[in-house]
Amino acid sequence: MSRRVAAMLLGLAAAGCASLEMPLRARLASEAPRVRECAEWYRTLDERVVAAGVRDAQDAAVPGFPYLRVNRLLAALRPAAAASAPALQALGERMRLLDLEARRFELGNLPFSPAEDAADPRHGLGARAALRRTQECGRLLSEIDFAKPEVRAALLERAAVPDDYSLLARVVGLYPLTRLAFAAGVRRYEEETRAAFRRELAVPPGAILLRYGPPPPERPLPRLRAAAILASSSDNPLGIPEPSEADLRDLLAAHAPSLEIEVRADYDRFGALRWLIDGEAPGVDGSELAVYAHPAWTRYRGRVLLQLVYTLWFPERPPQVEGDILAGKLDGITWRVTLAPDGEPLIYDAIHPCGCFHMFFPTPRAQPLPAPEGLEEWNFSPQSLPRVAEGERPLVRIASGTHAIERVGLARGGDSVVRYRLRPYAELRSLQRLDGARRSAFGPEGLVPGSERPERVLFWPMGIPSAGQMRQWGRHPTAFVGRRHFDDADLFERRFVLDLAP
């Protein structure tokens, strides 16, 4: 075991078990040495990660099961897992892999002493050794826990994702009353946005219009092949389409948006996120045109559909007027496409990485459902799109300064000579720093440090912690009035009738 791993285990005082959830408490008292050591490993690892402030918040921990994490899709699949042993095993394995992935980033982000570690001939092996130990212990504890019916029942009960709204803030902020003013503001914004989408587009004074395209695909992706990928990769007990790494690259390249951006100054030049020495927030390197991409999923009438998500980052949102409460460091667009089983886009939607300004852009294969009675924010669609033909991709027009989406069209083939790179979104969970250490772009609460907005001081009664601040995937509340998350498993099922037939 390397010095770094040994220090991780020995550098913390032993803590009592009284506050620990079962079954972890029982594992710490096990008569089997390996079981006891693995339980202690997880407890110590969690203590070190929390103390260092490097907890990864993308997926939720499962109380009492430190080797598992859960996202909103897997939480929604619990009823199916409860009814089938293979499905339950598949659910548990996916939750274990979610935790292992998060542990990899947390271990890489733990602080260390370069002087001490550089003198060790095993320098650089510490995190890998710890990850191997974590993987072995996760398998051991899961085999034991999943063999017990009462433990499986506790697992299914606890494998939930807390929402990102503060009930306390809503109570103290008199939400039933204050939401009336916010709802009026939301309706006013929606009307203004609809009017803006009806106006003829024009480049503002002092700006130029630049078009960026995704990289050309490594190999063509006809719809028939896309449908075959989605079908074959869904052949698992939970029916989750999980394309191979190569197939996912092809899908991401085929559906990546083209971008038309009004550029007035550096704040309109998107790029790769970087940590600078002593930077309070990650910076954007405009010399490297990067869009961060990853898969996601939604459920529709018992079927799991693949989604492709693309996020681009701008250095800031500059003030539009004096005292602009929406201005601050970092801004961006998160763009998503939901695919039908035949590989055709059903619907697009987008937010800023703060979870703000959620818009839907449905095709004829996604018919909006009426909003329920009341003030809840529902399915704001300033524009619909025609069916997307094979070889077409969305063309997203983005305004200068506000980085608001102004229009969405369709482009075909190589529509731009300026290409951006697609990079894995997971890179943001552990970025290289100039001093040799690593740090996530996101804090332990899933918020990007240094990207706070003045609006949080006024908007807190709606229950969203630090409204306007940039957020990590899985941590995006998208409605001030009501409760809605960008990754809710039933987001589209509740708001649209989807035509899944080709």
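Just above, that's the structure.
Draft legend 1. Looking closely at the state of the cysteines. Enumeration over the complete set of coordinates arrives at 2 disulfides. Disulfide partner of Cys38: Cys137, at an S-S distance of 2.2 Å. Judged by the sign of its S-S torsion, about -70°, the cystine formed by Cys38 and Cys137 is left-handed. Of this pair, Cys38 sits in helix α3 (residues 33–52) while Cys137 is found in helix α8 (residues 126–145), placing the two residues 99 residues apart along the sequence. Take Cys38: its relative accessible area is 5%, and that puts it in the buried class. Here Cys354 is linked by a disulfide to Cys356, with a sulfur-sulfur distance of 2.1 Å. Each member of the pair, Cys354 as well as Cys356, carries the same accessibility label: buried. Here the cysteine-cysteine linkages of the protein are recorded as 1-2, 3-4, numbering only bonded cysteines and doing so in sequence order.

Draft legend 2. Inspection of helix α6 (residues 85–109) at higher detail. Its 25 residues give α6 an end-to-end C-alpha distance of 36 Å, which sits within 8% of 36 Å, the value for a rise of 1.5 Å per residue. Burial within α6 is extensive, with 18 of its 25 residues counted as buried. The N-cap of α6, judged by a side-chain oxygen 3.2 Å from the amide nitrogen of Ala87 a few residues on, is Ser84.

Draft legend 3. How the structure looks around the packing of aromatic side chains. One pass over the full model with this rule turns up 18 aromatic pairs. The interplanar angle of 50° and the centroid separation of 5.4 Å between the aromatic rings of Phe360 and Phe496 together place this pair among those described as tilted. Note that Phe360 is positioned in strand β11 (residues 359–362) and Phe496 in strand β18 (residues 496–498), a separation of 136 residues in sequence. With respect to class, Phe360 is no different from Phe496; both count as buried. Members of the aromatic cluster, each reached through a chain of ring pairs, are Phe197, Trp335, Tyr348 and Phe361. If you follow Arg170 out to its NZ or CZ, it ends over the ring of Tyr175, 4.0 Å from the centre.

Calculation criteria
- Residues numbered from 1 in each chain as written.
- Predicted model: local features only at pLDDT ≥ 70, side-chain atom pairs only at ≥ 80, totals over all residues.
- Heavy atoms only, no water.
- Disulfide = S-S within 2.5 Å.
- Helix = DSSP H or I, 4+ residues; strand = E, 2+ residues; numbered from the N terminus.
- Buried < 20%, exposed > 50% of the residue type's maximum accessible area, 1.4 Å probe, protein only.
- Expected span 1.5 Å × (residues − 1).
- Polar contact = N/O pair within 3.5 Å; in protein donor to acceptor, adjacent residues only side chain to side chain.
- Phe/Tyr/Trp six-rings, centres within 6.5 Å; stacked < 30°, edge-to-face > 60°.
- Lys NZ or Arg CZ within 6 Å of the ring centre and 35° of its normal.

Interpretation in functional terms is not warranted from these geometric data alone.
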